[in-house]
Amino acid sequence: MRPFELLEPSSLREALGLLDTADETVRPAGGGTALMLMMKAGVLEPSRLISLRRIEPAWAEISQSADAVEIGALATLSAIEHSGIVRSELPVIARTLRTLANVRVRNVATLGGNLAHADPHMDLPPVLIALGASVIIASRGAERELPVAELISGYYETTLASGELIVRVRVPKQFARFSAYRKITTRSADDWPALGVAVALDREGPVLREARIAVSAAFDRPLRLAAAEAVLRGASIDDEAVLIHAGDAAADEARPIADERGSAAYKRELIRVHVRRALRDALDAQGGTP
Amino acid sequence: MKTIRFELNGEPVTAQVEPHHNVVELLQTMGLRGARESCGQGLCGCCTVLVDGLAVSGCLYFAAQLDGARVDTIERTEREGELDVVQQAFAECGAFQCGFCTPGFVLMTRQLLAHNPAPSEDEIRHYLSGNLCRCATYPEIIRAVQLAARIRKAGA
Ligand SMILES: Cc1cc2nc3c(=O)[nH]c(=O)nc-3n(C[C@H](O)[C@H](O)[C@H](O)COP(=O)(O)OP(=O)(O)OC[C@H]3O[C@@H](n4cnc5c(N)ncnc54)[C@H](O)[C@@H]3O)c2cc1C
Ligand code: FES
Ligand code: FES
């Protein structure tokens, strides 16, 4: 590893000040799990890391209002997995975390670092996109809110400007919306996914009003599948054939990229089958507990 | 170089660290070899240590960030020279061959049982999925965890 400096500011304000520089080799660190791997591999050589772990504990809090759950960017993935608020309001997130990396990584990794990393294989981004979540981004003297779908712009790329930090994630409560995530692994049960499919369904009685389908580990970033979503709009939930049509539409519109966990053709077939199954899961789960 | 102070297995210690040192490297300079680096990528658990009571991968944790923390390694024993319930169960079940992975599995099992005193086999498999045993003693390890849970329950 190339030599670097590690700073540990004690407030968000101070951290934003330290990050307000034109020097692109100054980087924020959350849990440091992804950073350390990139530094060991030599693909990232920061001159200075600004660790966020000693900023005010409020930035790790999980709270709720009438219509949303707010999660501080410094909350660890374990804290989110075991949070009572998350388990009751957003059980799909708690279920997803159970097979994300391993206990030791989840004990250290933060939500902000998870989203800013933008590895297209990650499990949480498609789930948060399907749930309609947004990130609150702070920079020195300014704050903005952005849908998670617009945060991740490509292969390990985000729309964050230098000097900006993710400080909170806001996830709308799902009420009558039902969601599911399927992580398909091809090497071992708790591996990185060969495909991730997240769905959230809004129904009124037996009719689907809206469906959101977000797929990861198949493209350069997690993407919604609009054609498959269109098939479901206005359909009856009792019509099993419509789920098959949605899977076919998803496979037709997707342009998967091969990686070491599956070829493009294989991923296309995974999409066909697992979009259908994820829809079934969401209809069966009806918001069940993790 | 930075001077850090932390609690190591119950004793206050100070150490000199460089920013790029990880926890395994630091512990080795302090004569502790129970946490060992194998994959170096967070995958195998051979480098497991507890920081403020939580299991972490020592290979993915900057040593400098131990400043002010409470650190426990496999070298910490409840009573001088005695094995704890989990270690006894691992020995009883023959849950190792070369033993390289064992410190990590023992520390993770202690954490699991502290949170979940009677885990199902599925829960054991999920919890330990981030620990690899190249000798493949997995069936024995699962039996050892179940035995440790039973002994703990009987003793409670
Ligand atoms: C062994 C292993 C297995 C894994 N398996 C999986 C898996 O199965 N599924 C999965 O989804 N992921 C997996 N991961 C990835 C893991 O989820 C990420 O490493 C982790 O979430 C990153 O969080 P962090 O806080 O450690 O980020 P860091 O390493 O601290 O930071 C990552 C990036 O985000 C930036 N950053 C950090 N915090 C912020 C912030 N608040 N605002 C803006 N930018 C920020 C950093 O500068 C850096 O570019 C695995 C990782 C490991 C080590
Ligand atoms: S050496 Fe740290 S997890 Fe493998
Ligand atoms: S006993 Fe040899 S690696 Fe597990």
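Residues numbered from 1 in each chain as written. Chains lettered and ligands numbered in written order. Predicted model: local features only at pLDDT ≥ 70, side-chain atom pairs only at ≥ 80, totals over all residues. Heavy atoms only, no water.

On to the overall build of chain B. Per the secondary structure count, chain B includes five helices and five strands. Here chain B has a C-alpha radius of gyration of 16 Å; the compact-globule value for 156 residues is 15 Å, and the two agree. With respect to the principal axes defined by its C-alpha atoms, chain B has extents near 45 × 30 × 25 Å. Relative to its 156 residues, chain B shows a buried fraction of 49%. Nonlocal contacts in chain B, meaning residues at least 24 apart in sequence, comprise 56% of its contacts between residues at least 6 apart. (Helix = DSSP H or I, 4+ residues; strand = E, 2+ residues; numbered from the N terminus. Rg over C-alpha atoms; globule rule 2.2 N^0.38 Å. Buried < 20%, exposed > 50% of the residue type's maximum accessible area, 1.4 Å probe, protein only. Contact = heavy atoms within 4.5 Å.)

Looking now at the site of ligand 1. Residues in close proximity to ligand 1 total 33 residues, the closest being Pro-28, Gly-30, Gly-31, Thr-33 and Thr-110 of chain A. With respect to ligand 1, the chains having nearby residues are chains A and B. Here an oxygen atom of ligand 1 and a backbone polar atom of Leu-35 of chain A are 2.8 Å apart. Note that an oxygen atom of ligand 1 is positioned 3.2 Å from one of the backbone N or O atoms of Ala-101 of chain A. Going through the elements one at a time, β2 (26-29), α2 (33-40), α7 (111-117) and β10 (165-172) of chain A are the ones with two or more residues in the shell around ligand 1. Broken down by class, the residue content of the shell around ligand 1 amounts to 18 nonpolar, 11 polar and four charged. (Near = heavy atom within 4 Å. Polar contact = N/O pair within 3.5 Å; in protein donor to acceptor, adjacent residues only side chain to side chain. Nonpolar A, V, L, I, M, F, W, Y, C, P; charged D, E, K, R; others polar.)

Before going further, it helps to examine the interface of chain A and chain B. Contact with chain A, which involves 22 residues of that partner, is made by 32 residues of chain B. Looking at the side of chain A facing chain B, the largest losses of area belong to Met-36, Arg-98 and Arg-104 of chain A, adding up to 30% of the total buried there. At the boundary of chain A and chain B, one finds three salt bridges. The partner of Lys-40 of chain A in a salt bridge is Glu-37 of chain B, with the nearest N and O atoms 3.5 Å apart. For the pair chain A and chain B, the number of links is 16 residue pairs in polar contact (both at pLDDT 80 or more). Every element with two or more residues in the side of chain A that touches chain B is listed here: α2, β3 (48-51) and α6 (103-108) of chain A. Broken down by class, the residue content of the side of chain A that touches chain B amounts to 10 nonpolar, five polar and seven charged. (Buried area = accessible area lost by both parts, 1.4 Å probe. Salt bridge = Lys/Arg side-chain N within 4 Å of Asp/Glu carboxyl O.)

Looking now at the packing of helix α3 (residues 102-115) of chain B against helix α5 (residues 138-155) of chain B. Residue and element names in this part refer to chain B. Direction vectors running N to C along α3 and α5 enclose 45°, while the axes themselves pass 11 Å from each other. In terms of orientation, α3 lies oblique with respect to α5. α3 and α5 meet at a crossing whose hand is right-handed. Between α3 and α5, the contacting residues are Phe-105, Thr-109, Leu-112, Leu-113 and Ala-114 on the first element and Tyr-138, Ile-141, Val-145, Ala-148, Ala-149 and Arg-152 on the second. Grouping the amino acids of the contact of α3 with α5 by side-chain chemistry returns nine nonpolar, one polar and one charged. (Axes fitted to C-alpha atoms, helices over the stretch in contact; angles between N-to-C directions. Parallel < 35°, antiparallel > 145°, perpendicular 65-115°, else oblique. Left-handed = near helix turned anticlockwise from the far one by under 90°.)

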